[in-house]
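For reference, the chains in residue letters:
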Amino acid sequence: MKCRSLLAASVAASNIAIAQAHCFIWGVFVNGVDQGTFRAVRTPPYNAPPPKGYANSPVKDLDSIDLRCNVLGENQSPYTIQVEPGDHLTFDWHHDKRTDTDDVIAASHHGPALIYMSPDPPAENSFVKVWEKGLYEMSPEPHGPGKWATTADIAANNGKMNFRVPAGLKPGHYLIRAEMIALHEGDAAYNVNPIRGAQFYPNCVQIEVVGNGTVSLPEGVSFPGAYKYTDPGVVYDVYCSTKTTSLTKSCITTYEIPGPTVWSGAWTETTSVPLGQVTGATAVTRWNSWIQKSVVTSATFDGSSVKVVGTSTYQAKWSSTYETPAPSAAAV
């Protein structure tokens, strides 16, 4: 599959924003230093030809392998970020463009944000939760949404999600699975009403931990498998997160973040650090491949018309052993 390298090539030459993109990670800062747009990020593919497609439609099927690292999530980035235990990582989430004027995620998409780690490649029960934030302030108004990690925290801080590499973590290759969950349609389960349901936006980043650490990740959970439609954090009405008791409908006002508890070896406090300049492109204007209903289409695009050159059927195939990412000439 060449979706990712083709996207990288087009990003390198782009400076005009596109419309209708969904929220995903555009870059990673390590101790405040930007590693470059899309570097080490397993960027979701586009779902239609330019200029109308967008990357990262939400995953709603909890039994789908796409819940692990999103669509084409097994496809490696040609880059891996090298870090040490204790390093501060800042994930830069965006919607249409990698700038502070971007809205990051739709204002209605209230919900929790979570981070998991797994050895790369992941295996059964290998994802360990290392950070989470959900509903942190109730609304004073009836049927108000309250303050949530996705909108009132990350979006309000220009898309920045902060994480710290666990202390003493032993060297090796890892996947960081960062996730935003939008609950604006989460009052019904997707398996009951496919028109609605919680929307999951997972994104994976490749890192290599170096140093002399000796701490191993404990047993975790699997994706898919970690979340169930019966989980209270999956089916939830965000407009019940209110202090008032004068509600006109039955409401559960507290919120339980889905998945396991945060690992005791993770940092209890994750703070922001000063960030340097963004390096690399800040927008995508064209792409040469997209996927719809498991069919990958490759094409050429001259800015005004699209010419299809081939199609192939996609089926996820995750490796069970680590493979060094192939280098790419399409540097961003």
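Residues numbered from 1 in each chain as written. Predicted model: local features only at pLDDT ≥ 70, side-chain atom pairs only at ≥ 80, totals over all residues. Heavy atoms only, no water.

## Some remarks on the overall build of the chain
Here is step 1: On a plain count of helices and strands, the chain comes out with three helices and 14 strands.
Here is step 2: Residue burial in the chain is summarised as follows: out of 332 residues, 51% are buried.
Here is step 3: Excluding contacts between residues fewer than 6 apart, the proportion of contacts in the chain whose partners are at least 24 apart in sequence is 78%.
Here is step 4: Within the structure as shown, the chain displays about 14400 Å² of accessible surface, and the carbon and sulfur contribution to it stands at 50%. (Helix = DSSP H or I, 4+ residues; strand = E, 2+ residues; numbered from the N terminus. Buried < 20%, exposed > 50% of the residue type's maximum accessible area, 1.4 Å probe, protein only. Contact = heavy atoms within 4.5 Å. Areas by Shrake-Rupley, 256 points an atom, 1.4 Å probe, with all protein chains shown as cover.)

## Some details on the state of the cysteines
Here is step 1: What the rule picks out here adds up to one disulfide.
Here is step 2: Here Cys69 connects covalently by a disulfide to Cys204, the sulfurs 2.0 Å from one another. Across the S-S bond linking Cys69 and Cys204, the dihedral sits near -80°, which makes this disulfide left-handed. Here Cys204 lies in strand E11 (residues 199-209) and Cys69 lies in helix H2 (residues 66-69), a separation of 135 residues in the sequence. Judged on exposure class, the residue Cys69 and its partner Cys204 are both buried. (Disulfide = S-S within 2.5 Å.)

## Re the sheet that holds strand E14 (residues 306-313)
Here is step 1: Strand order in this open sheet of three strands is E12-E13-E14, and the pairing throughout is antiparallel. In this open sheet, the two edge strands, each paired with only one partner strand, are strand E12 (289-292) and E14. Between one strand axis and the next, the sheet turns through 25° on average, direction left out of account.
Here is step 2: In this structure, E12 lies alongside strand E13 (residues 295-301), joined through four bridges in antiparallel fashion. Bridging across to E13, Ile291 finds its partner in Val296. (Pairing = 2+ DSSP bridges. Axes fitted to C-alpha atoms, helices over the stretch in contact; angles between N-to-C directions.)

## Thoughts on the nonpolar core
Here is step 1: If you look at the biggest cluster of nonpolar residues, it comprises 38 residues, and the most contacted ones within it are Leu89, Phe91, Trp93, Met161, Val205 and Ile207.
Here is step 2: Counting residues per element, this core draws most heavily on strand E10 (residues 172-182), at five residues.
Here is step 3: Core analysis: the second largest hydrophobic core is formed by 23 residues, Val59, Tyr116, Tyr227 and Tyr255 among them. (Core = buried A, V, L, I, M, F, W, Y, C linked by side-chain atoms within 4.5 Å.)

## Quick word on the pattern of salt bridges
Here is step 1: For the structure shown, the criterion picks out nine salt bridges.
Here is step 2: Note that Lys129 is salt-bridged to Glu132, the shortest N-O span being 2.7 Å.
Here is step 3: For Lys129, a relative accessible area of 1% puts it in the buried group.
Here is step 4: A salt bridge links Asp187 to Arg196, with the shortest nitrogen-to-oxygen separation between them at 3.0 Å.
Here is step 5: Residue class for Asp187 comes out partly exposed when judged on its relative accessible area of 42%.
Here is step 6: Relative accessible area serves as the criterion here: at 27%, Arg196 is assigned to the partly exposed category.
Here is step 7: Overlapping salt bridges, with partners in common, bring together Asp34, Asp92, Arg98 and Lys160 in one network. (Salt bridge = Lys/Arg side-chain N within 4 Å of Asp/Glu carboxyl O.)

## Comments concerning the environment of Pro51
Here is step 1: One can find Pro51 in the loop between strand E2 (33-34) and H2.
Here is step 2: Given a relative accessible area of 54%, Pro51 falls into the exposed group.
Here is step 3: Separated by 234 residues in sequence, Pro51 and Thr285 place their C-alpha atoms 7.2 Å apart.

## Structural notes on the sheet that holds strand E5 (residues 113-119)
Here is step 1: Within the open sheet, the five strands sit side by side as E3-E11-E10-E5-E6. Their pairing is mixed. This sheet does not close on itself; its edge strands, each paired only once, are strand E3 (81-83) and strand E6 (128-133). Strand after strand, the sheet turns through a mean of 30° between neighbouring axes, direction not considered.
Here is step 2: The sheet contact formed by E5 and E6 spans five bridges and is antiparallel. Bridge pairing in E6 links Ile115 to Trp131.

## A short note on the packing of aromatic side chains
The geometry of an aromatic ring pair comes down to the distance between the two centres and the angle between the two planes.
Here is step 1: Applying the stated rule across the entire model yields twelve aromatic pairs.
Here is step 2: Between Tyr236 and Tyr255, the ring centres sit 4.9 Å apart and the planes meet at 70°, which makes this aromatic pair edge-to-face. With Tyr236 in the loop between E11 and E12 and Tyr255 in the loop between E11 and E12, this residue pair connects regions lying 19 residues apart in the sequence. For the pair Tyr236 and Tyr255, a shared accessibility class is recorded, and that class is buried.
Here is step 3: A network of ring pairs unites the aromatic residues Tyr116, Phe127, Phe200, Phe223 and Tyr227 as a single cluster.
Here is step 4: The positively charged end of Arg68 is found above the aromatic ring belonging to Trp318, 4.7 Å away from the centroid.
Here is step 5: When the ring centre of Phe223 is taken as origin, the NZ or CZ atom of Arg177, which lies over that ring, is 3.6 Å away. (Phe/Tyr/Trp six-rings, centres within 6.5 Å; stacked < 30°, edge-to-face > 60°. Lys NZ or Arg CZ within 6 Å of the ring centre and 35° of its normal.)

## Re the side chain of Lys60
Here is step 1: Residue position: Lys60 is located in the loop between E2 and H2.
Here is step 2: The side chain of Lys60 sits in the buried core without any salt bridge; Glu185 is the nearest counter-charge, 4.2 Å away.
Here is step 3: Polar side-chain contacts of Lys60 include one of 3.3 Å to the backbone oxygen of Pro194.
Here is step 4: A polar contact of 3.5 Å, which involves the side chain of Lys60, links it to the backbone oxygen of Ile195.
Here is step 5: Those residues in contact with Lys60 that lie beyond four places of it in its chain are Glu185, Tyr190, Pro194, Ile195, Arg196, Gly197, Ala198, Gln199 and Tyr229. (Lys, Arg positive; Asp, Glu negative; His and termini not counted. Polar contact = N/O pair within 3.5 Å; in protein donor to acceptor, adjacent residues only side chain to side chain.)

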